[in-house]
Amino acid sequence: MPAIIIIIVVIIIIIIIIIIIIIIIKCYATKILNTETDSKCRLCQQFDETIEHIISTCPILAKEKYIKRHDRVCAQLHFNICKETGVQ
Ligand SMILES: [Zn+2]
């Protein structure tokens, strides 16, 4: 696998981990410490900001981010299939 793809995958994984940590901290502050009074999503303000909501159901992220994520995964799959089958 080319180094640039490995770097891109590592960067995407790091970004996802950072987002999850931020969500966990907000949930902890809301549910355990009671220092946050608003558990609503900071983007849409409609639903609780849970990991499931951020990963797949936020209407704000659905407009663009989920489509970009989908397209990047498909591009990577296409690349891998072409590489394995020898298609240039
Ligand atoms: Zn949202």
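First things first, this report covers the structure right here in the doc. (Residues numbered from 1 in each chain as written. Predicted model: local features only at pLDDT ≥ 70, side-chain atom pairs only at ≥ 80, totals over all residues.)

**Thoughts on unusual backbone geometry**
Reasoning step 1: Phi at Gln45 takes a positive value of approximately 60 degrees, unusual for a residue other than glycine.
Reasoning step 2: Mapping Gln45 onto the fold places it in the loop between α1 (3–33) and α2 (51–57). (Helix = DSSP H or I, 4+ residues; strand = E, 2+ residues; numbered from the N terminus.)

**Some details on the environment of Phe47**
Reasoning step 1: Its location among the elements puts Phe47 in the loop between α1 and α2.
Reasoning step 2: Sequence-wise, Phe47 and Thr57 are ten residues apart; in three dimensions their C-alpha atoms are separated by 9.3 Å.

**With respect to the environment of Glu49**
Reasoning step 1: Relative to the helices and strands, Glu49 resides in the loop between α1 and α2.
Reasoning step 2: Taking C-alpha positions, Glu49 is 7.1 Å from Ile23, a pair spaced 26 residues apart along the chain.
Reasoning step 3: Beyond its immediate stretch of four places on either side in the chain, Glu49 contacts Ile23, Lys26, Ser39, Lys40, Cys41, Arg42 and Ile54. (Contact = placed C-beta atoms within 7 Å.)

**Some words on helix α4 (residues 65–85)**
Reasoning step 1: Helix length check: α4, at 21 residues, gives a terminal C-alpha distance of 30 Å against a target of 30 Å (1.5 Å per residue), a fit within 8%.
Reasoning step 2: By the criterion of burial, α4 is predominantly exposed, with just zero of the 21 residues buried.
Reasoning step 3: Just downstream of α4, Gly86 is the residue with a positive phi angle, here 80 degrees. (Expected span 1.5 Å × (residues − 1). Buried ≥ 20, exposed ≤ 12 C-beta atoms within 10 Å, placed from the backbone.)

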